[in-house]
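Here is how the chains run, residue by residue.
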Amino acid sequence: EAQVTQNPRYLITVTGKKLTVTCSQNMNHEYMSWYRQDPGLGLRQIYYSMNVEVTDKGDVPEGYKVSRKEKRNFPLILESPSPNQTSLYFCASSQLSVPPTSGEETQYFGPGTRLLVL
Amino acid sequence: GESVGLHLPTLSVQEGDNSIINCAYSNSASDYFIWYKQESGKGPQFIIDIRSNMDKRQGQRVTVLLNKTVKHLSLQIAATQPGDSAVYFCAETYNFNKFYFGSGTKLNVKP
C-alpha cells in the first residue's frame, strides 16, 4: 500500500530538548516536504526536498532542520524546540515533474504528528 | 511571501445541493493549483488539480475553475453528500517548488 508514515504521532516535550520527527514514503517519490498546520493559518511549508541531498527552505523554516540522505526518508529536526513550535506537522511526498502533469503530481500526506512543547 | 486566501471560511449546504468553494491567490506566476480535502484527524487528501494553461477541469462530481485574470480558483461539488463534510484547502505552486496553502473552508452538509 502506497503511504507516507510519520513517527511519533503524538509528542509532548519541553523547551530546548532536541527532537526528531521521522517521515518515510514507499512510493519512490523524489519530492518530499514538511508542513505545519495551525488554526486559522492553514498549512505552511517548512522545508522541501526535490531529491536526495537537495533541500530548500519553505515559508517558515526558522527553528527547523531537515536532511535527505535517502530517497525514502525526510526527518524533521527541532534542535531546540520552543512553545511557538507547538503545532500539527505533516509530511508529504510526490512524484516530481516540471511542468506538472495533471493528476500525477499530487502530494500524498502522512497522518500528522501533534507536537506540544511546554 | 505569497498569500492564498479564501472568501468563505465556513459553508453550510443542504445535502443534494451544489457547493462552491472559492480561493484567491496572489502569485500570477503560479502554474499549478490543487484542491485538498481534510477530514478531522487526517492529513489532506488530493481532490483535483489544474495547470495554469487550463480554465476548467472536471473530475467525479467535482469541477475546478481557474480565472487567471482575477487570480481566482473555485471548487464546485455537485450533489453534495454528508461524506463531503470536511475542510477544503486550495494550494498553489510555481515550478513545483514551494507550495502555498489557503487557510481553509469548512464545508458542513446538512442532511
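Above this text is the structure in question.
Residues numbered from 1 in each chain as written. Chains lettered and ligands numbered in written order. Predicted model: local features only at pLDDT ≥ 70, side-chain atom pairs only at ≥ 80, totals over all residues. Heavy atoms only, no water.

S.K.: Would you explain the pattern of salt bridges in this entry?
M.R.: Pairing is possible between side chains of opposite charge, provided their charged atoms come close. Tallying each qualifying case throughout the model produces nine salt bridges over all chains. Asp 49 of chain B is paired through a salt bridge with Arg 57 of chain B; the nearest N and O atoms lie 2.7 Å apart. The buried category is assigned to Asp 49 of chain B, whose relative accessible area is 0%. Notably, a salt bridge pairs Arg 61 of chain B with Asp 84 of chain B, separated by 2.9 Å at the nearest N-O pair. Residue Arg 61 of chain B is found in the loop between β6 (56–58) and β7 (62–67), and its partner Asp 84 of chain B is found in the loop between β8 (72–77) and β9 (86–93); the two are separated by 23 residues along the sequence. Residue classification places Asp 84 of chain B among the buried positions, given a relative accessible area of 7%. Because the salt bridges share partners, they merge into one network encompassing Lys 18, Lys 65 and Glu 79 of chain A. (Salt bridge = Lys/Arg side-chain N within 4 Å of Asp/Glu carboxyl O. Buried < 20%, exposed > 50% of the residue type's maximum accessible area, 1.4 Å probe, protein only. Helix = DSSP H or I, 4+ residues; strand = E, 2+ residues; numbered from the N terminus.)

S.K.: Please clarify how a nonpolar patch on the surface should be interpreted in this entry.
M.R.: Judged by side-chain polarity, Ile 12, Val 14, Leu 116 and Leu 118 of chain A come together as a nonpolar surface patch covering roughly 380 Å² of accessible area. Structurally, the position occupied by Ile 12 of chain A is in strand β2 (residues 10–13). (Patch = residues over 30% accessible without salt bridge, like charges linked within 9 Å, V, L, I, M, F, W, Y side chains within 5 Å. Areas by Shrake-Rupley, 256 points an atom, 1.4 Å probe, with all protein chains shown as cover.)

S.K.: It is not clear to me how the interface of chain A and chain B should be interpreted in this structure. Could you clarify?
M.R.: Reports of interface size often rely on the accessible area that becomes lost once the parts have come together. The interface of chain A with chain B comprises 31 residues on the first partner and 24 residues on the second. Interface of chain A and chain B: buried area, both sides summed, is about 2100 Å²; carbon and sulfur atoms make up 58% of it. Linking chain A with chain B are zero salt bridges, by the criterion used here. Between chain A and chain B we count three residue pairs in polar contact (both at pLDDT 80 or more) in total. Elements that contribute at least two residues to the side of chain A that touches chain B include exactly β4 (31–38), β5 (42–51) and β9 (87–94) of chain A. Top contributing element to the side of chain A that touches chain B by residue count: β5 of chain A, with five residues. (Contact = heavy atoms within 4.5 Å. Buried area = accessible area lost by both parts, 1.4 Å probe. Polar contact = N/O pair within 3.5 Å; in protein donor to acceptor, adjacent residues only side chain to side chain.)

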